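Observations on the three-dimensional arrangement
Listed here are the chains, written in short residue letters.
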Amino acid sequence: MAHGRPGLTGALLAALPPLGFLVVFFLWPVAAIIRLGLLGDGVGAVLASADTWGLVGFTVGQAAAATAVAVVAGLPVAFLLARTSLRGNGFIRAAVLVPFVLPTVVVGLAFRSLLPEGGVVAIVLANAFFNVAVVARSVAGVWSHVDRRAEDAARVLGASRLRTFLSVTLPVLRPAIGSAASVVFLFCATSFGVVLLLGGGEYSTLETEIYLRTVQLLDLPGAAALSLLQVAAVFAVLVIGAVTRRRQAAARMRGTAETARRPVGGEWAVVAVAYAVVALLLVPIAALVVRSLSTVDGWGLAGYRALAGTGYRGSLQVSGWEAAENSLRAATDATLLALVLGVLASVALVSLARTKARPGLVDALDTAFMLPLGVSAVTVGFGYLITLDALPGDLRTSATLVPLAQALVVTPLVIRMLLPVLRSIDDRLRQAAATLGASPWRVWREIDIPLAGRSLLAAAAFGYVVALGEFGATSFLARPDSATLPVVIGRLVARPGELNNQMAYAACTLLMLVTIAVVALIERLRVASVGEF
Amino acid sequence: MRRIAILAGAAVLAAGCSTGGSGGGSGEAKTGERTVVLVTHDSFDADAAVLEKFRADTGIKIDVRKSGDAGALTNQLVLTKGAPLGDAAFGVDTTFASRALDEGVFAEYRSPEADKGPQRYSVDDKNRLSAVDVGDVCVNVDPAALTAKNLPVPASFEDLADAKYKDLLVVEDPATSSPGLAFVLGTVAHYGNQGWVNYWQRLKANGVKVVSGWEEAYTQEFSGSSGKGPRPIVVSYASSPSAEIGDDGKPRTQALLDTCFRQVEYAGVLNGAKNTDDARKVVDFLLSEPFQKQVPEKMYVYPAREGVALPDAWQKAAPLPQSPATLAAGDIQANRERWITQWRTAVRG
């Protein structure tokens, strides 16, 4: 049949590397650890317990609430970044990513001091805090390419701003919003530190319970039962997401220069809301900076001076600066790997859809690539322990595993940021290019890459930031002399002594600055890619 | 084309600062050198000079692999006993020793150094685990804050349930925190199987605050740390006051030595180790005077070896508790989950 569907073979070839990676570093380990659990007793008892279903309910409920908050807060910021040409947008574009790199333990502590009672509201707000950037940046990526003339036409025909947004803009953005929302949902459903810290032990989710049963109790049957539920829940959410994404029309894409302008009239209200959201995001961040500067005797820079050393009485084996360098190295590896895998997967998915392959196949592949975001890092990590020794070089104890594990999380993000743009490219443009004699590769180079270039760089920045902040795999796998900043912060905050504490918060500030610098650098690359179309 | 050139340039730059480009550092073994992989927990730390001296003397490089906390470490060792992650392990503690022994993770080895003190903490008649250090979990107080409230410094478990000290104590959840669990075990040892639940009901009535981890309890809720929180009484370690010494050289906090529970950390040679002979030498090294001398400063614990002097700050602020509560490792293993459930019902219910 392949000969009747040009491009199908190519698409499947492109899908091979990311699929192979997924099978070896995700499906195999997870299946092995769940299988080990299923061999024991107690799976049925856990599934039948009312507590378990309460856990599922709370997990889904808090994640849905946090996702809703993140979408509502993220959209005005997306508008600000995509549709306006205000000064300071560059800073905001970078600043909204800062929450992503901060270790949950310090953000949890900051939220705890801002909302002393903790509880469900604090959990939802903290989860949303981490994820506003996902919505703001990925929706802005599409929004900035949406042709403004359809909106202008609606306005000329007498539609109100709200009506125009609801009937013209929103339908175009819906796939991007759906994409972002499903990522946010998965992040929130599997968030771990936030629930433990702000729930004060009274609230638990599937994720925290899987952690306790696997890591502390070694109750593998119980953990396997909960992992199966987690996979099922994630799968359900992803299928719903894939189905909503399928119903979409191609939007007319434009270069950015002509879509961003100074806001007019009622748009200022949206801009004001966006600034308010950014200000709220900055509150916990400012709290961390304040802590890095406060000492018993007032204000001081002791924590920052200590970054040059290895903590109070040498709590660390690396200095703060070395840790920053380690972070950059590990994140670079992970991002490059994830970009290659993510681009291949996106190209495969979009080409498959264009070849009129069965939509079910496309959705199934898409869902499979997303699964690593929704499955517990503990399940994956313990799965590695019992499988990866079969590979040459015993990756279980190799530093190479850090970027591999990080890429597992970053790849789906790259896919989610690229795919909406690639899919909304008007096929007639490509057909016209082909008619004019362009080879398939040339069509990609002239049409798809310029239009998706901005999203590709946004995805790179995003992936880099996620890898910079990644803590779970890194803390398990990093060796003492290659500790990254989040690992160092976690170690410092777990020790008594004022200087260790100040240094932990100073390291947070350093991590934020590194993040903003890296994002700003990647943003500069973006400028070069705009305006050629 | 300019765009592609820029991207390619960025990729080359990025590759230059990647992990792959950083080979040949101190992590590389010299030719002919033997390596022992020491699997341990996140809190492991050692003086680089001491490790270097061992390497120079024996030709053995210790490759440290950290694997979460003591519980995570133990369970990873159990899960990988067929294909061990390394040659020796350090950090399995009293709370988890039974599980590791029952599962046959460790090989028999009695270090010649064990007689010099570590043997006092033996958990196993087959000598599979050697005690390396002792870290007691004790209630810590902020005397200045108590004085400001016109309250004397409490001394015992009983005092903490006294109405005078209402709403002043913060503890960690035993399900999610290792010191939290140790403190609960201390109350089990002190009040016995019948009385300890009742004691926790009294603590609850007296306004005990429960948080999920040590970081929050100590650095955020406790008034004696840099976080300057609201509560002057916290569950922490006997060693914590050594890190809270003011400019006047006096400790700002104090451990209540009658509320301590003893946690011992062990090391051993892993069954199936690739390099058993050298792994034994590493266990000897962990028990040796040079390593034992630096465990207080590096890991905030007390040496298991006898006659190793504590650092000055410790002698003043953090002496080793003389009569801490203890429980047999087997008892803990058999009852841990039930005790946590009972605690939950009493305190959360």
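Residues numbered from 1 in each chain as written. Chains lettered and ligands numbered in written order. Predicted model: local features only at pLDDT ≥ 70, side-chain atom pairs only at ≥ 80, totals over all residues. Heavy atoms only, no water.

**Some details on the overall build of chain A**
The condition that has to hold: Helix and strand definitions here come from DSSP, where helices need a minimum of 4 consecutive H or I residues and strands a minimum of 2 consecutive E residues; each element is numbered from the N-terminal end. Every radius of gyration here is taken over C-alpha atoms, with the globule rule written as 2.2 Å times N^0.38, N being the number of residues. Partly exposed residues are those whose accessible area sits between 20% and 50% of the maximum for their type, while under 20% is buried and over 50% is exposed, using a 1.4 Å probe and protein chains only. The contact rule is simple, with two residues in contact once any of their heavy atoms fall within 4.5 Å. Where accessible areas are quoted, they stem from the Shrake-Rupley method and a 1.4 Å probe; at the residue level, only the protein chains shown are allowed to cover. In this tally, Lys and Arg are treated as positive and Asp and Glu as negative; His is ignored, and so are the chain termini. Here the site of a charge means atom NZ of a Lys, CZ of an Arg, CG of an Asp or CD of a Glu.
Assigned secondary structure in chain A consists of 23 helices and 2 strands. Since a compact globule built from 533 residues should have a radius of gyration of about 24 Å, the 23 Å found for chain A is in line with a globular shape. Taken along the three principal axes of its C-alpha coordinates, chain A extends 70 × 55 × 45 Å. Expressed as a percentage of its 533 residues, the buried residues of chain A come to 60%. Contacts spanning at least 24 positions in sequence make up 82% of the contacts within chain A whose residues lie at least 6 apart. About 19800 Å² of surface is accessible on chain A, with carbon and sulfur atoms providing 68% of the total. Averaging the positions of the 41 positive and the 29 negative side-chain charges in chain A gives two centres separated by 9 Å.

**Let's talk about the packing of aromatic side chains**
Definition in use: Only Phe, Tyr and Trp rings are paired, with Trp represented by its six-membered ring, and only when their centres lie within 6.5 Å; those with planes under 30 degrees apart are stacked, over 60 edge-to-face, the remainder tilted.
What the rule picks out here adds up to 21 aromatic pairs over all chains. Here F79 of chain A and W143 of chain A contribute two aromatic rings whose centre-to-centre distance is 5.6 Å and whose plane-to-plane angle is 65 degrees, an arrangement assigned as edge-to-face. Remark: W143 of chain A occurs in helix 7 (residues 119-143) and F79 of chain A occurs in helix 3 (residues 50-83); sequence separation between them is 64 residues. Aromatic side chains Y191 of chain B and Y199 of chain B sit 4.5 Å apart centroid to centroid with 20 degrees between the ring planes, which places their arrangement in the stacked category.

**Considering the pattern of salt bridges**
Applicable threshold: Throughout this description, the term salt bridge denotes a Lys or Arg side-chain nitrogen within 4 Å of a carboxyl oxygen of Asp or Glu.
Tallied over the full model, the rule gives 30 salt bridges over all chains. D448 of chain A is the partner of R430 of chain A in a salt bridge, and the nearest nitrogen-oxygen pair spans 3.0 Å. Here R430 of chain A, found in helix 19 (residues 427-435), pairs with D448 of chain A, found in helix 20 (residues 440-469); they are 18 residues apart in sequence, far enough to count as distant. D448 of chain A carries the same exposure label as R430 of chain A, and that label is buried. Its salt-bridge partner being K81 of chain B, residue E103 of chain B comes within 2.9 Å of it at the nearest N-O pair. Residue E103 of chain B is located in the loop between helix 4 (94-102) and strand 4 (106-107), and its partner K81 of chain B is located in the loop between helix 3 (70-79) and strand 3 (88-93); the two are separated by 22 residues in the primary sequence. E103 of chain B sits in the partly exposed class, given a relative accessible area of 32%. Among the ionic contacts, a cluster of salt bridges with common partners joins R148, R161, R261 and E267 of chain A.

**Regarding the environment of L73 of chain B**
Residue and element names in this part refer to chain B. For L73, the position within the fold is in helix 3. We classify L73 as buried; its relative accessible area is 0%. Sequence-distant contacts of L73, that is, excluding residues within four places in its chain, are made with V39, T40, H41, S67, F90, G91 and V92.

**A short note on the environment of K293 of chain B**
You can see K293 of chain B is positioned in helix 10 (residues 289-299). C-alpha of K293 of chain B to C-alpha of G307 of chain B: the two residues are 14 residues apart in sequence and 9.8 Å apart in space.

**Quick look at the domain arrangement of chain B**
Residues and elements named next belong to chain B. Put simply, the rule reads: Domain boundaries shown here were taken from an automatic or database domain assignment. A simple way to read buried area is as the amount of 1.4 Å-probe accessible surface that goes missing from two parts once joined, with both sides added. Counted as a polar contact is a pair of N or O atoms within 3.5 Å, where, for protein atoms, one must be capable of donating a hydrogen and the other of accepting one, and residues adjacent in sequence contribute only when both atoms are in side chains.
Assigned domains of chain B: these are domain 1 (31-134 + 263-315) and domain 2 (136-262 + 320-347). When each unit is reduced to the centre of its C-alpha atoms, the spacing between domain 1 and domain 2 is 28 Å. Counting residues at the interface gives 16 residues for domain 1, matched by 20 residues for domain 2. The junction of domain 1 with domain 2 conceals about 1600 Å² of combined surface from both sides, 58% of it contributed by carbon and sulfur atoms. The largest contributions to the domain 1 side of the interface with domain 2 come from T95, Q263 and Y302, which together make up 40% of the buried area. On the surface where domain 1 and domain 2 come into contact, there are 0 salt bridges. Between domain 1 and domain 2 we count 6 residue pairs in polar contact (both at pLDDT 80 or more) in total.

**Remarks on the confidence of the model for chain B**
Quick note on the threshold: Scored from 0 to 100, pLDDT reflects the predictor's confidence in each residue.
Confidence in the prediction of chain B, expressed as mean pLDDT, is 88, and 91% of residues score 70 or more. Two summary scores accompany this predicted model of the complex, namely pTM at 0.84 and ipTM at 0.81.

**Examining unusual backbone geometry**
Residues and elements named next belong to chain B. Located in the positive-phi region is N127, a residue other than glycine, with phi close to 60 degrees. Look at Y300: it is not a glycine, yet its phi comes out positive at around 60 degrees. For Y300, the location among the structural elements is in the loop between helix 10 and strand 10 (302-303). Here Y300 falls in the buried class, since its relative accessible area comes to 8%.

**Side note on the packing of helix 3 of chain A against helix 13 (residues 267-293) of chain A**
Residues and elements named next belong to chain A. Here is the rule we go by: To define axes, lines are fitted to C-alpha atoms, for helices over the stretch in contact only, and angles between the resulting N-to-C directions are given on a 0 to 180 degree scale. A clockwise turn of the near helix away from the far one marks a right-handed crossing, whereas an anticlockwise turn of less than a right angle marks a left-handed crossing. Ten residue types, Ala, Val, Leu, Ile, Met, Phe, Trp, Tyr, Cys and Pro, are classed as nonpolar, four, Asp, Glu, Lys and Arg, as charged, and the remainder, Gly among them, as polar.
The N-to-C vectors of helix 3 and helix 13 enclose an angle of 120 degrees; their axes lie 8 Å apart at closest approach. In the crossing of helix 3 with helix 13, the sense of the turn from one axis to the other is left-handed. Across from A73, P76, V77, F79 and L80 in helix 3, the residues of helix 13 making contact are E267, V270, V271, V273, A274, Y275, V277 and V278. Residues of the contact of helix 3 with helix 13, tallied by class, amount to 12 nonpolar, no polar and 1 charged.

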